[in-house]
Amino acid sequence: MSLSFFLATCCLGIALATPKLDQNLDTQWYRWKSTHKRLYGTNEEGWRRAVWEKNMKMIDLHNEEHSQGKHGFTMEMNAFGDMTSEEFRQVMNGFQRQKHKKGKVFQEPLLGSIPKSVDWREKGYVTPVKNQGQCGSCWAFSATGALEGQMFQKTGKLVPLSEQNLVDCSKPQGNQGCNGGLMDYAFQYIKENRGLDSEESYPYEAKDGTCKYRPECSVANDTGFVDIPQREKALMKAVATVGPISAAMDAGHASFQFYKSGIYFDPDCSSQDLDHGVLVIGYGFEGTDADKNKYWLVKNSWGPEWGAEGFVKIAKDRNNHCGLATAASYPTV
């Protein structure tokens, strides 16, 4: 991986004029507020409602266009409904580039055919979808996901690993907890620390804390990491032969914020401006033609209520869409 990504979260102060609200949406608004347990201050509810209405109308328009064949994916109102795109990027995403020590480079296998589709969930490599909350720790979830798969391959046991362990303890390697990090720094920490605790023994808190690693609770280790060349074909070979792969992507668009189903493609999605760590757990195609409607199968860390039960299909072999092949890596065990 030639890039380093740091996630920056910040508090946002937004002042808006008194918005004009659509009373026809009252019932939906109150239901949404109740579902997501939202409580607002006196001056906040009006502009939050205005943001929610704008998002709701954007989603409805997109889905209407989807029914006309203009888009390959649907959108849905979710827990992020009262956040602007800018606020969403700052709270959930936001990597910065920085040079760092590189790992080994992935050697693409020369022999053997690569399958047309792969889904590592079917082989038992993937833990249930987790939720990072409002903490910029996507890098930690991406890293644990890749290591969970490699440890399963090695031991035959699928054990959820501790993101909080990484959030609290990997700052010396360059990570910044809820303010951001990089999967390779996490792999480096685990190697130098000689272990990583289980999720059960070191549960997630969605906030920065002091390091409470306990060697006796360690259930995983790695010997370093491998960086994958910045080509979709190389990523495909790695996913097919290694297992789930850590990757970064451009997730800073409203279309991704409210993704629900189908193959995600947004013309504005960048292959270089990456701001979110995810886990590539497979690839495939929709329909009967393996050369059309191809996608990457990606596990996100925004909970099972987001997207397709926490997963997303991202357009594959379309000029490295959203940058999944730009900064991919995996740990060695």
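Values in this document were obtained by computation on a predicted structure and should not be read as measured data. (Residues numbered from 1 in each chain as written. Predicted model: local features only at pLDDT ≥ 70, side-chain atom pairs only at ≥ 80, totals over all residues. Heavy atoms only, no water.)

Attention shifts here to the overall build of the chain. When you go through the chain residue by residue, the secondary structure sums to 8 helices and 12 strands. Here the C-alpha atoms of the chain give a radius of gyration of 20 Å, agreeing with the 20 Å that 2.2 N^0.38 yields for 333 residues. In terms of its C-alpha atoms, the chain occupies a principal-axis envelope of roughly 60 × 50 × 35 Å. In the chain, buried positions account for 54% of the 333 residues. Across the chain, the fraction of contacts at a sequence separation of at least 24, relative to all contacts at a separation of at least 6, is 77%. (Helix = DSSP H or I, 4+ residues; strand = E, 2+ residues; numbered from the N terminus. Rg over C-alpha atoms; globule rule 2.2 N^0.38 Å. Buried < 20%, exposed > 50% of the residue type's maximum accessible area, 1.4 Å probe, protein only. Contact = heavy atoms within 4.5 Å.)

Enumeration according to the criterion identifies 16 salt bridges in this entry. The salt bridge partner of K57 is D22, with a shortest N-O separation of 3.5 Å. Separated by 35 residues along the polypeptide, K57 in helix α2 (residues 45–67) and D22 in the segment before α1 (26–35) bring together distant segments of the chain. Take D22: its relative accessible area is 23%, and that puts it in the partly exposed class. Residues joined in a network through salt bridges with shared partners are K130, E148, E163 and E199. (Salt bridge = Lys/Arg side-chain N within 4 Å of Asp/Glu carboxyl O.)

Turning next to the environment of N193. Along the chain, the position of N193 falls in helix α6 (residues 183–193). Exposure remark for N193: the relative accessible area of 24% places this residue in the partly exposed category. It is 8.6 Å that separates the C-alpha atoms of N193 and N221, two residues lying 28 residues apart in sequence. Among the polar contacts listed, one links the side chain of N193 to the backbone oxygen of G195, at a separation of 2.9 Å. (Polar contact = N/O pair within 3.5 Å; in protein donor to acceptor, adjacent residues only side chain to side chain.)

All right, on to unusual backbone geometry then. Residues other than glycine seldom take positive phi values, yet D317 does so here, at roughly 60°. Tracing the backbone through its elements, the reader meets D317 in the loop between β11 (311–315) and β12 (329–332). A positive phi angle, close to 55°, is found at N320, a residue other than glycine.

Let us now look at the pairing of β11. With 4 of 5 residues buried, β11 lies mostly within the body of the structure. Pairing of strand β8 (residues 259–264) with β11, which is carried by 2 bridges, proceeds in the parallel orientation. When the bridges of β11 are listed, I263 appears paired with K313. Alignment of strand β10 (residues 294–299) against β11, held across 5 bridges, turns out to be antiparallel. Across the sheet, Y295 pairs through a bridge with A315, a residue of β11. (Pairing = 2+ DSSP bridges.)

On to the UniProt feature "domain: Cathepsin propeptide inhibitor" (unreviewed entry) in the chain. With numbering matched to this structure, UniProt assigns "domain: Cathepsin propeptide inhibitor" (unreviewed entry) to residues 29–88. Counting secondary structure, residues 29–88 comes out at 57% helix and 5% strand; the distance between its end C-alpha atoms is 19 Å. (UniProt positions renumbered as here; feature names shortened; annotations may be inferred.)

Turning our attention to the packing of aromatic side chains. With the rule as written, the count across this model stands at 20 aromatic pairs. Relative to W302, the ring of F256 has its centre 5.7 Å away and its plane inclined at 70°; by these criteria the two rings are edge-to-face. Residue F256 is found in helix α8 (residues 254–257), and its partner W302 is found in the loop between β10 and β11; the two are separated by 46 residues along the sequence. Residues F256 and W302 agree in their burial class; the two are buried. On the basis of an interplanar angle of 80° and a centroid distance of 6.0 Å, the ring pair of Y283 and W296 is categorised as edge-to-face. Separated by 13 residues along the polypeptide, Y283 in strand β9 (residues 276–285) and W296 in strand β10 bring together distant segments of the chain. Residue classification places Y283 among the buried residues on the basis of a relative accessible area of 2%. Classification of W296 by relative accessible area gives buried; the value is 1%. Members of the aromatic cluster, joined through ring pairs, are F73, F80, F88, F256, Y259, Y264, W302 and W306. The aromatic ring of F265 is capped on one face by R318, whose charged end is 3.7 Å from the ring centroid. (Phe/Tyr/Trp six-rings, centres within 6.5 Å; stacked < 30°, edge-to-face > 60°. Lys NZ or Arg CZ within 6 Å of the ring centre and 35° of its normal.)

When pLDDT is averaged along the chain, the result is 91, and 90% of the positions lie at 70 or above. pLDDT under 50 marks residues 1–16. Its contacts with residues more than four places away, or in other chains, come to 67 contacts. (pLDDT = per-residue confidence, 0-100.)

So, about helix α4 (residues 138–155). The end-to-end C-alpha distance of α4, which contains 18 residues, comes to 26 Å, matching closely the 26 Å that a straight helix rising 1.5 Å per residue would cover. For α4, a buried count of 15 out of 18 residues is recorded, marking the element as mostly surrounded by other parts of the structure. Looking one or two residues beyond α4, the residue adopting positive phi is G156, at roughly 80°. (Expected span 1.5 Å × (residues − 1).)

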